[in-house]
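Each chain, written out:
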Amino acid sequence: MTQPTIYLCYETSSEYKRLVYLGENIEDCIAQLRQEFDLVPSDCENLRNDMQTFGFEKDSELLIEEERLNCFSNNWN
């Protein structure tokens, strides 16, 4: 049985990790983050390749985590 995949998009710093967007498609998530946070193309490439930005803002970064729905953690193969 395959579990649907979702993407959790966070704004992070050394002090917090704040969920800012939730989506089913990685490209849609990147497009939404690009619009909301005025990302440059290199930030979008970093999100595609590494699931995070580097140097996005002075005190915060963006991070995307891929998760599966309706499954126990021991089924994440």
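Up top is the structure.
Figured I'd write up the structure that's included with this text. Everything numeric here is computed off the predicted structure, so don't read it as measured data.

## Looking at helix α1 (residues 26-37)
Phase 1: Over its 12 residues, α1 extends 16 Å from the first C-alpha to the last, a length consistent with the 16 Å expected when each residue adds 1.5 Å.
Phase 2: In the core, the buried residues of α1 are packed alongside β1 (5-12), β2 (17-23), α2 (41-50) and β3 (61-68).
Phase 3: Where α1 begins, the side chain of N25 points an oxygen toward the backbone nitrogen of E27, at a separation of 2.8 Å.
Phase 4: Just downstream of α1, D38 is the residue with a positive phi angle, here 50°.

## Overview of the sheet that holds β2
Phase 1: Spatially, the three strands line up as an open sheet ordered β2-β1-β3, and their pairing is antiparallel. For this open sheet the edge positions go to β2 and β3, each flanked by a neighbour on one side alone. For this sheet, the mean angle separating the axes of adjacent strands, direction not counted, is 30°.
Phase 2: Pairing geometry for β1 and β2, over six bridges, is antiparallel. Bridging from a neighbouring strand, L8 pairs with L22 of β2.

Each value, and the rule that gives it
- Residues numbered from 1 in each chain as written.
- Predicted model: local features only at pLDDT ≥ 70, side-chain atom pairs only at ≥ 80, totals over all residues.
- Heavy atoms only, no water.
- Helix = DSSP H or I, 4+ residues; strand = E, 2+ residues; numbered from the N terminus.
- Expected span 1.5 Å × (residues − 1).
- Contact = heavy atoms within 4.5 Å.
- Polar contact = N/O pair within 3.5 Å; in protein donor to acceptor, adjacent residues only side chain to side chain.
- Pairing = 2+ DSSP bridges.
- Axes fitted to C-alpha atoms, helices over the stretch in contact; angles between N-to-C directions.

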